[in-house]
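# Residue-level structural notes
Each chain, written out:
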Amino acid sequence: MFKGDFIKNLPKIYGTYTGGFVVFIILMAIAEQAGVSAKNIGVMFVAFTVLIYALIGYLSRTIQVDAYYVAGRQVPTVFNGMATAADWMSGASFVALAGGVYYGGYTYMAFLVGWTGGYVLVATLMAPYLRKFGCYTVPDFIGTRYGGNLVRACSVFVLFIASFTYVTAQGSLLAFVVMLFWTANKQENIDEEFGYGEREDD
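As a starting point, this report considers the structure included with it.

Rules of the game
- Residues numbered from 1 in each chain as written.
- Predicted model: local features only at pLDDT ≥ 70, side-chain atom pairs only at ≥ 80, totals over all residues.
- Heavy atoms only, no water.
- Helix = DSSP H or I, 4+ residues; strand = E, 2+ residues; numbered from the N terminus.
- Buried < 20%, exposed > 50% of the residue type's maximum accessible area, 1.4 Å probe, protein only.
- Phe/Tyr/Trp six-rings, centres within 6.5 Å; stacked < 30°, edge-to-face > 60°.
- Axes fitted to C-alpha atoms, helices over the stretch in contact; angles between N-to-C directions.
- Parallel < 35°, antiparallel > 145°, perpendicular 65-115°, else oblique.
- Left-handed = near helix turned anticlockwise from the far one by under 90°.
- Contact = heavy atoms within 4.5 Å.
- Nonpolar A, V, L, I, M, F, W, Y, C, P; charged D, E, K, R; others polar.
- Expected span 1.5 Å × (residues − 1).
- Salt bridge = Lys/Arg side-chain N within 4 Å of Asp/Glu carboxyl O.
- Arc of directions from axis to C-beta.

This paragraph deals with the environment of N80. Structurally, N80 is set in helix α4 (residues 77-88). Looking at N80, the relative accessible area reads 39%, which means it is partly exposed. Separated by ten residues in sequence, N80 and V70 place their C-alpha atoms 9.9 Å apart.

Evaluated as defined, the whole model comprises six aromatic pairs. Between the aromatic rings of F24 and F45, the centroid separation amounts to 5.1 Å while the plane-to-plane angle is 85°, which identifies the pairing as edge-to-face. A residue pair is termed long-range when its members are at least 10 positions apart, and F24 in helix α1 (residues 10-33) and F45 in helix α2 (residues 38-59) qualify at 21 residues. Residues F24 and F48 carry aromatic rings whose centres are separated by 4.0 Å and whose planes lie at 5° to one another, so their mutual orientation is stacked. With F24 in helix α1 and F48 in helix α2, the pair connects residues that are 24 residues apart, well separated along the chain. Here the aromatic cluster, defined as three or more aromatic residues joined through ring pairs, consists of F21, F24, F45 and F48.

Here we take up the packing of α1 against α2. It is at 11 Å that the axes of α1 and α2 come closest, and there the two elements cross at 165°. Classified by the interaxial angle, the pair formed by α1 and α2 is roughly antiparallel. For the pair α1 and α2, the sense of crossing is right-handed. On α2, the residues touching Y17, F21, F24, I25, M28 and E32 of α1 are I41, M44, F45, F48 and I52. When the residues that make up the contact of α1 with α2 are grouped by side-chain class, the tally is ten nonpolar, no polar and one charged.

The next point concerns α1. Relative to the 34 Å expected for 24 residues at 1.5 Å per residue, α1 spans 35 Å between its end C-alpha atoms, a close match to the ideal helical length. The set of residues buried in α1 consists of L10, F24, M28 and A31. If you follow the buried residues of α1, they end up packed against α2 and α4. Phi turns positive, to about 105°, at G35, one or two residues after α1.

Enumeration according to the criterion identifies one salt bridge in this entry. With a shortest N-O distance of 2.7 Å, R152 and D140 are connected by a salt bridge. Of this pair, R152 sits in helix α8 (residues 149-182) while D140 is found in helix α7 (residues 138-146), placing the two residues twelve residues apart along the sequence.

On to α2, then. With 22 residues, α2 extends 31 Å between its outermost C-alpha atoms, agreeing within 8% with the 32 Å of an ideal straight helix rising 1.5 Å per residue. If you check which residues of α2 are buried, you get I41, G42 and I52. One side of α2 holds all its buried residues, which, seen down the axis, span an arc of 105°. Along α2, the residues that are exposed and aim more than 90 degrees away from the buried face are V50, L51 and Y58.

In structure tokens:
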């Protein structure tokens, strides 16, 4: 389907992915109008997402370290920016931002500013030096720049502490989604018992 170099085909690949996602959304809207329950549509959404990521991982498999971490340093800046934006708006950050603004009001926008500013600082103050030193991770850079395994271990510890809250939020969100599907049938039975279940029009 895509002949030639992978990097040159990135616009076609992204276009195909976007078009496929739009088609999937349209099919789900048609399914909803046809009477498919919200539970089944949700299951199909999650299954579609998992399958797409699995397919992308399979097609992008590599045994080269440079290709694995930084795609051979050949990805254009526009696509790098798109990937960074997708990473910024992850499940945990989206839920945290929405819930925080709802709970704390506009003052919680400070989290949004700090979250976004952190990406800018990393991109401008850290990423260029990672590239300059030929490193792929922050511990690698710290260990190369200052020497020794002690500073490398310290950087790993600091990163672990800093990212623990974020990873916990991601895991909590995953557990929440799984529990939604796990208890969907029971909740649907309860809703029908009290007259709030989904029913097709006669």
